Amino acid sequence: MSLISTRGLSKNYAGLQAVSNVDFNLPEGQVRALIGPNGAGKTTFVGMLSGRIKSSSGSVIFSEKDITKLPAHKRMTMGMAYTFQITSVFSKLSVHENVALAARRVIRDKPSVVNAKVTSVLEKVYLADRYDQIAGDLSYGHQRLLEIGMGLAQSPKLFILDEPTQGLSATEVEGFIELIRVLSENTTILLIEHNMDVVMKAAHYITVLNFGEILAEGTPDEIRANQSVQTAYLGSH
Amino acid sequence: MSQLTESAAGFQKPLLSQGSRSILLHVGIVILLFLLYFALPVYHSGNLARILVLAVFAMGYNVLFGYTGLLSLGHALFFASGMYGFGLAIQFIDVVPIVAIIIGLLSAVVVSVVVGILALRTTGVAFMIVTLMFAQAGYLTVLLFGEYTRGDEGFNIHRSDRVLFGFDLSQATNRYFCALILFAICFFLTAWLVHSRFGKTLVAIRENEERARMLGYDIQRHKLIAVIISGALSGAAGVAYALLFGYAGASFAAVQYSILPLLYVLLGGAGTTIGPLIGTVFMFYLIDLSSDLASAYLSSEFASAYMLIAGIVLILLTLFAPQGFAGLLRSKCKWLP
């Protein structure tokens, strides 16, 4: 069963077809990587899934409901979480408060319950010992982890990550792959990723976008062997 | 005192939790204000009653500006809605004061709902301009209906209409304690608000609106409620001003009264619960002292030079203490609310 799917989803930017007519299905429980050359429309596409960007035509179905016309915040309350391509945390607030803000929207309970959730999330993203630091003082890699933690705290059904490993060191990337493996036990994950190592190790299934259209879909091995994908990435000449 | 506890707490567990320290601070300030009435000379306790009412106005402003990050240039409208809602009701429909107070508060709430819904369609500079325009429209409306409002000249509220639960509020002691009760209610209310789930979400919106939206918070709804709370507190200050000082005039609807709460909050420390009070005290006495200075040392034609003195002090403060007084304090003791 698809957790999220699109039918004929398109986005026009003043005549430029950024995403055209995409039919996409993401089954529950899968880790899906969305790859493609720069400008392929990946961020626009997930923007339309999360509601940050209005689609020009087509529809988005999430948990069997048509959410095409819903604003972003309503989609999040239905069980989505989203991390930004450019790290976006509450940089003047503490690490703890950042995650608590995410948790409080979901957990309408006493502060102690929220705090327990925050503590468990911070342990998962290796930030437990930094809970009272100001988020803006964290290193770039830790800020990315914090943002993933904020997503986790919402216990999402679908977790969309836009280039989560960008700017991370090699060891941090290893840690991230491990984190995805743990998360995928409870959550469906859609990640935009440029790092092929991450894609091949973490994803169950891959969708390749090119010029706003789906070029290929398949398992990591199938995609690796796909001739048209290689052409798109390496050029045709 | 707070610094002592802070440094003493440096090596061991703090003696008091953050929450109880904050409660202690707020209760302590109210007790201090209570005692000050008996310690201060009459002139200053009279000033302080006025300051407390204006501080309520500033606290209302702070909810929107300090905590939500929305800079309004039209809060005179909310203040004046309360003031005229109360004043006109008592003048023309001959109700008892408590009913007029409720009418005053309701008019401020209604006006803030309308202004909120319309102005929140814009952000940033446009929001400032739209709120300013609404306030100017309100000011001109007061002048337009000069037959009832007496325009710039204003009108006095009769002494017999300023009796609440048997207390004659034109009498200095009653007036002071009425102002203090209102102040204390609003002070505790904002302190509670900013610690609540709602208040923390407002801070999140101030810090990073897009991130807050993508955490699933309804930004527009939160902002609208913030405008209404802010408008209601400002309106309460307007009602209290008319009730306690027995006067309503168009100058309270003018742009100056939109700028003043901004200055109070900036000077005292935006986004702190005690900032508005500190800022109001400081600004009030700054104008008071500099007008004394100007009239003592300059000939009468330069008497308005007090605004120059006040202006220079303000510039110095924004240069050297951009976070305001409470902001400076908070950088020393982080637990300040």
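Residues numbered from 1 in each chain as written. Chains lettered and ligands numbered in written order. Predicted model: local features only at pLDDT ≥ 70, side-chain atom pairs only at ≥ 80, totals over all residues. Heavy atoms only, no water.

**Student:** Mind showing me how you'd approach the packing of aromatic side chains here?
**Tutor:** Centre-to-centre distance and the angle between the planes together describe a pair of aromatic rings. Residues and elements named next belong to chain B. Taken as a whole and assessed by the stated rule, the structure comprises 22 aromatic pairs over all chains. Centroid distance F187 to F188: 6.2 Å. Interplanar angle 40°. Geometry classified as tilted. Its relative accessible area of 0% is what places F187 among the buried residues. Considering the side-chain rings of Y241 and F252, the 4.9 Å spacing of their centres and the 55° angle between planes classify their relative orientation as tilted. Note that Y241 is positioned in helix α11 (residues 219-245) and F252 in the loop between β4 (247-248) and α12 (256-268), a separation of eleven residues in sequence. Residue class for F252 comes out buried when judged on its relative accessible area of 6%. Three or more aromatic residues joined by ring pairs make a cluster, and in this case those are F57, F79, Y241, F245, Y247, F252 and Y257. (Phe/Tyr/Trp six-rings, centres within 6.5 Å; stacked < 30°, edge-to-face > 60°. Buried < 20%, exposed > 50% of the residue type's maximum accessible area, 1.4 Å probe, protein only. Helix = DSSP H or I, 4+ residues; strand = E, 2+ residues; numbered from the N terminus.)

**Student:** Where do I start with the side chain of B:H26 in this structure?
**Tutor:** Residues and elements named next belong to chain B. Topologically, H26 is positioned in helix α2 (residues 18-39). In this structure H26 comes out as buried when scored by relative accessible area, which is 2%. One polar contact links the side chain of H26 to the main-chain carbonyl oxygen of S22, over a distance of 2.7 Å. (Polar contact = N/O pair within 3.5 Å; in protein donor to acceptor, adjacent residues only side chain to side chain.)

**Student:** In this structure, what is going on with the environment of B:G46? I would like to understand it.
**Tutor:** Residues and elements named next belong to chain B. Note that G46 resides in helix α3 (residues 42-67). Judged by its relative accessible area of 31%, G46 falls in the partly exposed class. C-alpha separation for the pair G46 and R175, spaced 129 residues apart in sequence, amounts to 8.8 Å.

**Student:** Any chance you could explain the sheet that holds strand β3 (residues 31-35) of chain A here in plain terms?
**Tutor:** Hydrogen bonds between backbone atoms are what pair the strands of a sheet, whose relative direction is either parallel or antiparallel. Residue and element names in this part refer to chain A. Spatially, the six strands line up as an open sheet ordered β6-β7-β8-β3-β9-β10, and their pairing is mixed. The outermost strands of the open sheet, each flanked by one partner alone, are β6 (80-83) and β10 (213-218). With strand direction ignored, the average angle separating the axes of adjacent strands in the sheet is 15°. The sheet contact formed by β6 and strand β7 (residues 158-162) spans four bridges and is parallel. Bridge pairing in β7 places Y82 opposite I160. (Pairing = 2+ DSSP bridges. Axes fitted to C-alpha atoms, helices over the stretch in contact; angles between N-to-C directions.)

**Student:** How do you make sense of the interface of chain B and chain A when you look at a structure like this?
**Tutor:** By a frequent convention, interface size equals the accessible area lost on bringing the separate parts together. Contact with chain B, which involves 16 residues of that partner, is made by 25 residues of chain A. Across the chain B/chain A interface, buried area totals approximately 1900 Å², and carbon plus sulfur atoms make up 61% of it. Of all residues in chain B, the largest losses of buried area upon contact with chain A belong to B:R197, B:R211 and B:M214, amounting jointly to 38% of the total for that side. Along the contact surface separating chain B from chain A lie two salt bridges. The salt bridge partner of A:R52 is B:E210, with a shortest N-O separation of 3.1 Å. Taken together, the connections running from chain B to chain A amount to ten residue pairs in polar contact (both at pLDDT 80 or more). (Contact = heavy atoms within 4.5 Å. Buried area = accessible area lost by both parts, 1.4 Å probe. Salt bridge = Lys/Arg side-chain N within 4 Å of Asp/Glu carboxyl O.)

**Student:** How should the pairing of strand β9 (residues 205-210) of chain A be read in this particular structure?
**Tutor:** Residues and elements named next belong to chain A. For β9, the buried fraction is high: five of the six residues fall into the buried class. For β3 and β9, the ladder comprises four bridges, and the chain directions are parallel. Across the sheet, residue R32 finds its bridge partner in β9, namely Y205. As paired strands, β9 and β10 are joined by five bridges and run antiparallel to one another. Residue pairing for β10: L209 is matched across the bridge by I214. The loop that links β9 with its antiparallel partner β10 comprises two residues; one of these, F211, has a positive phi angle of about 50°.

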